[in-house]
Amino acid sequence: MNYRFQNLLGAPYRGGNAVITQNTQLISPVGNRVSVTDLNKNHTVTLALDSSSNICRIAASPDGTFLLAVDEQKRGLFINLPRRVVLHRITFKDNVSALEFSPNGKFIAVGVGKLVQIWRSPGFRRAVYPFELVRTFANSDDIVVSLEWSLDSDYLLVGSKDLAARLFCVRKLKGVLNKPFLFLGHRDSVVGCFFGVDKMTNKINRAFTIARDGYIFSWGYTGKDVKMDESEDGHSEPPSPVTPERADMVMVENGDGVGTELKKRKEFDGKGLESDDDEEEDDEEYMHRGKWVLLRKDGFNQASAKVTACDYHQGLDMVVVGFSNGVFGLYQMPDFICIHLLSISREKLTTAVFNQRGNWLTFGCAKLGQLLVWDWRSESYILKQQGHYFDVNCVTYSPDSQFLATGADDNKVKVWSVMSGSCFITFTEHTNAVTALHFMADNHSLLSASLDGTVRAWDFKRYKNYKTYTTPTPRQFVSLTADPSGDVVCAGTLDSFEIFVWSKKTGQIKDILSGHEAPVHGLMFSPLTQILASSSWDNTVRLWDVFASKGTVETFQHNHDVLTVAFRPDGKQLASSTLDGQIHFWDTIEGVLMYTLEGRRDIAGGRVMTDRRSAANSSSGKCFTTLCYSADGGYILAAGTSRYICMYDIADQVLLRRFQISHNLSLDGVLDFLHSKKMTEAGPMDLIDDDNSDEEAGIDKQSRGNLGYDLPGSRPNRGRPIIRTKSLSIAPTGRSFAAATTEGVLIYSIDDTFIFDPTELDIDVTPEAVEAAIKEAEVSRALALSMRLNEDSLIKKCIFAVAPADIKAVAISVRQKYLERLMEALVDLLENCPHLEFILHWCQEICKAHGNSIQRNYRILLPALRSLQKAITRAHQDLADMCSSNEYTLRYLCSVPNNH
């Protein structure tokens, strides 16, 4: 089965900076991947590209075509966003803390440690070395943390941790000392620096620098520096006693048209300033050589909170600032008027950014996985997403494959839309970890089991918990199921080794099944019969007849602890996984063992950082903790504490395919062999935390790496998450499956959700082009162009231009995004066109070619489908009435004698 990565749910944001392109496209890093959210359609997709470790900085080109993403291993990917492919790769020599495209899209400014590097953007050029280093500025004394380009791409404003901001001229100037201007006076790192523009002249007249300790400095540009020119009274301003002149300083004095220069070095760049070109260039006004004055200094008054994210919108002249206490402020500049000051989180905000129009604000909190888009004018949310705080424990598909439910250790149950990739319901009533989920057959009821001793039933159409199942004494539930008819609910316990059976309608306990001698971690009803299967760590799988109250019907003995159990969709076969890495297949009718699969070598995981043994010699992780049959029962998916998901063919007992869920080196267990150079006497170097820049200021370093510290008994590996798959679920349609992994919920699908259409980039999409395509008999291309134009008359013309024999081929070529528009055109033709058979042939071929897509997206296509059904029903009724009338007329004519 050709499953490919489709999307990543459960983790909308994991850290780094978010950017917005084309005003509505939100791009955010998620671990070692990149997610793109269409804010208009509320649709999120995660690109199938992945980096070698967690992405820390991203930057998008002004037109939104290119994206540069840099990870923690200093490796960058240059991505073509419309095609979703990697064009180029680059490795920097130090950690990248700032990244920005120039407004003209030709250059990329990169803060690499203490350096600022200017690279030429490679674009679509084919080259052996696509990235060309243009300039390097090494004036900063500490790490560069912020960058800002001027509108003409000639100047660069740089903020760093050395408490200063610097203004660089990117161009190389002849005979002019290209020394940056320093903005001093800050008491902490400069986390944001921005240019202010005069709206009348569209020239830079102000600059804003924001310090980490909660102050914003407003600087004004007054033109040429008085140090460079003689003052009006004929006296020069005395030099500052604090900053003595450097020996290589060049002073240029302009008198009555005569240029004289005073040099303390013999030569400057090997040339003098005698040429006319040099004189003209010297007369030009350079901002980095002009005079900047401090206009005002304002404080945000957030007590001990630090500034962690900020952005400035030049058109609105507004500044948005995010703080370490979860508060954000929106200020009107240059008067520093507070418009909004609100708290949206309890943790540090790690990104804050305006969209191009300035009406939406985007905030991200890495520790909580929050991603918010807020309209500050209407004070309403455009997007509000939050992932699970801890790993996802369980995942399950709804019966129609449209929804996905997840439960995690953060006590929350979330329901996601598979098509849009967004969470639309979060249930928070559980008080302990959610361990199991089960969708009811009615498609809008969900059951969840938790360690808090309750099983809750949710109605996600009414958004409420409508029933809670409890026990006389508190128990911890770790498994859950319900019979196909929905009459009873069963849950297995961790502490008392019992199975509780409730009536779904009344909530009363009907029976308590005893017999297991260890925790009951697997529980499932047979899809076609009333037999309940349970697996336990006592080496047994037991079959129960719940309705007949006969107790145990059958017991299947194993040699090791049974970790999970699964029924084949026809109920005639049962699969169980044991601690020794084997999968056993049992005939439930005869009660005999059919097959045994040895999977230790297939599921063998990598080496964890704290392991004393190599991956080959370690016994941990070499077993399957979750099993899931395919929709037809021909193959089975199995996964565990490993980076692999294994797919087996049951009849042939062979491994068909292994899916590697992640290549992210920020996770433990990805590599089979650890780097020997990183091993020291004190242990692996990766576990030694030497970055105390944030801790010194009293702020915990916020990343997903330290989540393990919040769990009791967590492993002392700096909280590095260990790669694993805790749950698997195959969609009832069999077209996709979901895996609850350390990185989130990965969705793999057979269907191509992204098909690149060259007409999307074509500027020559005109009615004339449609007519030309029809004349050249390129009806498929003509139909695609007419769909893009959305001209009803052209679409209908293209439909009639297709010969009846070619309808099938053209219907297959129609893109999924245009199905709704094509159906609307066919409905209109059915109601107003006499060519009934021709239009019905179109409808038939569209349904045949895109049946799977229509089933997956039926909620979106529902209005068009209903209109089509009504039109066909109406045509059928009219035709039936006509046939009945004609039949009666013919009978009458046949009964009339010939002489009449």
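Computed from a predicted structure; not experimentally measured. (Residues numbered from 1 in each chain as written. Predicted model: local features only at pLDDT ≥ 70, side-chain atom pairs only at ≥ 80, totals over all residues. Heavy atoms only, no water.)

What follows deals with the overall build of the chain. Each helix and strand counted, the chain has 11 helices and 60 strands in total. Counting the 900 residues in the chain, one finds 53% classified as buried. Here the chain has roughly 41,700 Å² of accessible surface; of this, 49% comes from carbon and sulfur atoms. (Helix = DSSP H or I, 4+ residues; strand = E, 2+ residues; numbered from the N terminus. Buried < 20%, exposed > 50% of the residue type's maximum accessible area, 1.4 Å probe, protein only. Areas by Shrake-Rupley, 256 points an atom, 1.4 Å probe, with all protein chains shown as cover.)

Quick look at the packing of helix H6 (residues 792–801) against helix H8 (residues 819–832) now. At a minimum axis distance of 10 Å, the contact between H6 and H8 shows a crossing angle of 80 degrees. Classed by the angle they form, the pair H6 and H8 counts as roughly perpendicular. Facing H6, whose interface residues are Asp792, Ile795, Lys796, Ile799 and Phe800, H8 presents Arg821, Leu822, Ala825, Leu826, Asp828 and Leu829. Partitioning the contact of H6 with H8 into residue classes produces 7 nonpolar, no polar and 4 charged. (Axes fitted to C-alpha atoms, helices over the stretch in contact; angles between N-to-C directions. Parallel < 35°, antiparallel > 145°, perpendicular 65-115°, else oblique. Contact = heavy atoms within 4.5 Å. Nonpolar A, V, L, I, M, F, W, Y, C, P; charged D, E, K, R; others polar.)

This part covers the side chain of arginine 166. With respect to the helices and strands, the residue arginine 166 is situated in strand S16 (residues 165–169). Of the polar contacts made by the side chain of arginine 166, one reaches the backbone oxygen of asparagine 139; its length is 3.4 Å. Leaving out residues up to four positions away in the same chain, arginine 166 has contacts with Asn139, Ser140, Asp141, Leu156, Leu157, Val158, Ser160, Pro180, Phe181, Leu182 and Phe183. (Polar contact = N/O pair within 3.5 Å; in protein donor to acceptor, adjacent residues only side chain to side chain.)

All right, on to the UniProt feature "repeat: WD" (unreviewed entry) in the chain then. The positions UniProt marks with the feature "repeat: WD" (unreviewed entry) are residues 385–426, 427–468, 513–546 and 555–596. Helix makes up 0% of residues 513–546 and strand makes up 56%, while its end C-alpha atoms are separated by 9 Å. (UniProt positions renumbered as here; feature names shortened; annotations may be inferred.)

The subject of this paragraph is the sheet that holds strand S13 (residues 132–137). The strand order across the open sheet built from 4 strands is S10-S11-S12-S13, with neighbouring strands paired in antiparallel fashion. The outermost strands of the open sheet, each flanked by one partner alone, are strand S10 (96–101) and S13. The mean angle between the axes of side-by-side strands here comes to 20 degrees, regardless of whether they run parallel or antiparallel. The pairing of S10 with strand S11 (residues 107–112) spans 5 bridges and is antiparallel. (Pairing = 2+ DSSP bridges.)

Right, let's talk about the pairing of strand S28 (residues 351–354) for a bit. Burial along S28 is two-sided: Thr351 and Val353 facing one way and Ala352 and Phe354 facing the other are all buried. Pairing analysis gives 4 bridges linking S28 to strand S29 (residues 360–365), with the strands arranged antiparallel. When the sheet's bridge partners are listed, valine 353 is paired in S29 with threonine 362.

As a further point, take unusual backbone geometry. Cis geometry is adopted by the peptide bond preceding proline 334, which originates at methionine 333 and carries an omega value of 5 degrees. For proline 334, the location among the structural elements is in the loop between strand S26 (327–332) and strand S27 (337–343). If you check the backbone angles, phenylalanine 497 has positive phi at about 65 degrees while not being a glycine. Within the secondary structure, phenylalanine 497 sits in the loop between strand S41 (488–493) and strand S42 (499–503).

Attention now moves to helix H11 (residues 858–895). Given a rise of 1.5 Å per residue, 38 residues ought to cover 56 Å, and the 52 Å separating the end C-alpha atoms of H11 matches this to within 8%. Bending of H11 peaks at approximately 35 degrees at the position of alanine 864. Within H11, the full set of buried residues consists of Leu861, Ala864, Leu868, Ala871 and Ala875. Each element contacted by the buried residues of H11 is listed here: H8, helix H9 (836–849) and helix H10 (851–856). (Expected span 1.5 Å × (residues − 1). Bend = angle between axes of the 7 residues up to and from the residue.)

On to the nonpolar core, then. When a protein is soluble and globular, its nonpolar side chains tend to lie buried together. Judged by nonpolar contacts, the single largest core of 38 residues is most densely connected at Leu783, Ile799, Leu822, Leu826, Ile839, Trp842 and Ile846. At the level of elements, helix H4 (767–775), helix H5 (779–789), H6, helix H7 (807–813), H8, H9 and H11 are the ones that each hand at least two residues to this core. For this core, the leading source of residues is H8, giving 8 residues. Other than its neighbours up to four places away in sequence, leucine 826 contacts Ile799, Ile839, Trp842 and Cys843. Within the second largest apolar cluster, 22 residues are counted, among which are Ala11, Val30, Leu637 and Ile723. (Core = buried A, V, L, I, M, F, W, Y, C linked by side-chain atoms within 4.5 Å.)

Another point: the pairing of strand S18 (residues 190–197). Most of S18 is tucked away, with 7 of its 8 residues classed as buried. Of the pairings in the sheet, the one linking S18 to strand S19 (residues 204–211) comprises 7 bridges and is antiparallel in character. Note on S19: the bridge partner recorded for phenylalanine 194 is phenylalanine 208. In this structure, the hairpin formed by S18 and S19 is closed by a connection of 6 residues, where asparagine 202 is found at a positive phi of approximately 60 degrees.

This next bit is on the environment of glutamine 370. Checked against the element boundaries, glutamine 370 lands in strand S30 (residues 370–375). When its relative accessible area of 12% is taken as the criterion, glutamine 370 is described as buried. Put simply, glutamine 370 and lysine 384 are 14 residues apart on the chain and 7.6 Å apart in space, counted from C-alpha to C-alpha. Each residue touching glutamine 370, except ones within four places of it in the same chain, is listed here: Tyr13, Ile344, Ser345, Phe363, Gly364, Cys365, Gln385 and Gln386.

This part takes up H6. Looking only at H6, the buried set comprises Leu794, Ile795, Lys796, Cys798 and Ile799. Looking at the buried side of H6, the elements it contacts are H4, H5, H8 and H9.

Applying the stated criterion to the full structure yields 38 aromatic pairs. Seen from their ring centres, phenylalanine 183 and tryptophan 219 are 5.0 Å apart, and the 65 degrees between their planes marks the pair as edge-to-face. Linking phenylalanine 183 in strand S17 (residues 181–183) with tryptophan 219 in strand S20 (residues 215–224), this pair joins segments that are 36 residues apart in sequence. Pair check on accessibility: phenylalanine 183 and tryptophan 219 agree, each one buried. Arranged with centres 4.6 Å apart and planes meeting at 75 degrees, the rings of tyrosine 389 and phenylalanine 390 form a pair that is edge-to-face. Since its relative accessible area comes to 18%, tyrosine 389 is described here as buried. Note on phenylalanine 390: relative accessible area 14%, which makes it buried. Here a set of aromatic residues connected by ring pairs shows up, and it is made of Phe66, Phe78, Phe92, Phe101, Trp119 and Phe131. The cationic tip of arginine 33 hangs over the ring face of phenylalanine 5; the distance from NZ or CZ to the ring centre is 4.1 Å. (Phe/Tyr/Trp six-rings, centres within 6.5 Å; stacked < 30°, edge-to-face > 60°. Lys NZ or Arg CZ within 6 Å of the ring centre and 35° of its normal.)

Let us now look at the pattern of salt bridges. For the coordinates displayed, the defined rule picks out 18 salt bridges. Its salt-bridge partner being glutamate 824, residue arginine 821 comes within 3.9 Å of it at the nearest N-O pair. Of the two residues, arginine 821 and glutamate 824 are both situated in helix H8; the distance of 3 residues between them amounts to about one turn of the helix. Put simply, Asp792, Lys796, Arg821, Glu824 and Asp828 are held in one network by salt bridges that share partners. (Salt bridge = Lys/Arg side-chain N within 4 Å of Asp/Glu carboxyl O.)

In contact at an axis separation of 9 Å, H8 and H11 are set at 20 degrees when each is read in the N-to-C sense. Accordingly, the angle class assigned to the pair H8 and H11 is roughly parallel. Of the two possible hands of crossing, H8 and H11 adopt the one that is left-handed. Where H8 approaches H11, its residues Glu820, Met823, Val827, Leu830 and Glu831 are matched on the opposing element by Ile860, Leu861, Ala864, Leu865, Ser867, Leu868, Ala871, Ile872 and Arg874. Considering only residue class, the contact of H8 with H11 consists of 10 nonpolar, 1 polar and 3 charged. (Left-handed = near helix turned anticlockwise from the far one by under 90°.)

Quick look at the sheet that holds strand S35 (residues 423–427) now. With respect to topology, 4 strands assemble into an open sheet ordered S32-S33-S34-S35, the strand pairing being antiparallel. With partners counted over all chains shown, the strands left at the sheet margins are strand S32 (392–397) and S35, one partner each. This sheet shows a mean twist of 20 degrees between the axes of neighbouring strands, independent of strand direction. Alignment of S32 against strand S33 (residues 403–408), held across 5 bridges, turns out to be antiparallel. Within S33, the residue paired with tyrosine 397 across the bridge is leucine 404.

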